Amino acid sequence: TDIPTSMVYNYQAGTATFYCVSASVMTCIALSCIFTGKIDLRDFVYSPVVGGVVIGSSAGLISNTSGAIILGIIGGTAHILLQRWERKIKWYFLI
């Protein structure tokens, strides 16, 4: 059977996307609870977008799910940290 290698990698893109988005959502909600003591609605809205953006360019290249989960955790952590920084900057400059 002559199956091109490009087809072998493509079936994992959906799985990698699911795991990355899930890890991003869980990380954002957990860090939001740790830092603020409550769950912000913004985290529910933006965390799937963050996971999708992080995995969007590399979903076909990730060969195992642990890489997708690690990318989701990194994206969720970066989102929360940048969101906290943005709130401090807005207060500082009174925007």
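A short tour of the structure in this document, coming up.

Parameters at a glance
- Residues numbered from 1 in each chain as written.
- Predicted model: local features only at pLDDT ≥ 70, side-chain atom pairs only at ≥ 80, totals over all residues.
- Heavy atoms only, no water.
- Salt bridge = Lys/Arg side-chain N within 4 Å of Asp/Glu carboxyl O.
- Helix = DSSP H or I, 4+ residues; strand = E, 2+ residues; numbered from the N terminus.
- Buried < 20%, exposed > 50% of the residue type's maximum accessible area, 1.4 Å probe, protein only.
- Core = buried A, V, L, I, M, F, W, Y, C linked by side-chain atoms within 4.5 Å.
- Contact = heavy atoms within 4.5 Å.

What follows covers the pattern of salt bridges. Counted by the stated rule, this structure contains one salt bridge. One salt bridge in this structure joins arginine 42 and glutamate 86, with 3.0 Å as the shortest N-O distance. You can see arginine 42 sitting in helix 2 (residues 41-56) and its partner glutamate 86 sitting in helix 3 (residues 65-93), a full 44 residues away along the chain. The class for glutamate 86 is partly exposed, based on a relative accessible area of 32%.

All right, on to the nonpolar core then. Nonpolar side chains in soluble globular proteins tend to end up buried together. Formed by Ala13, Ala16, Cys20, Ile55, Ala59, Ile62 and Ala68, the largest nonpolar core amounts to seven residues. Of all the elements, helix 1 (residues 5-36) adds the most residues to this core, at three residues. Excluding residues within four positions of it along the chain, alanine 13 makes contact with Ala59 and Gly60.

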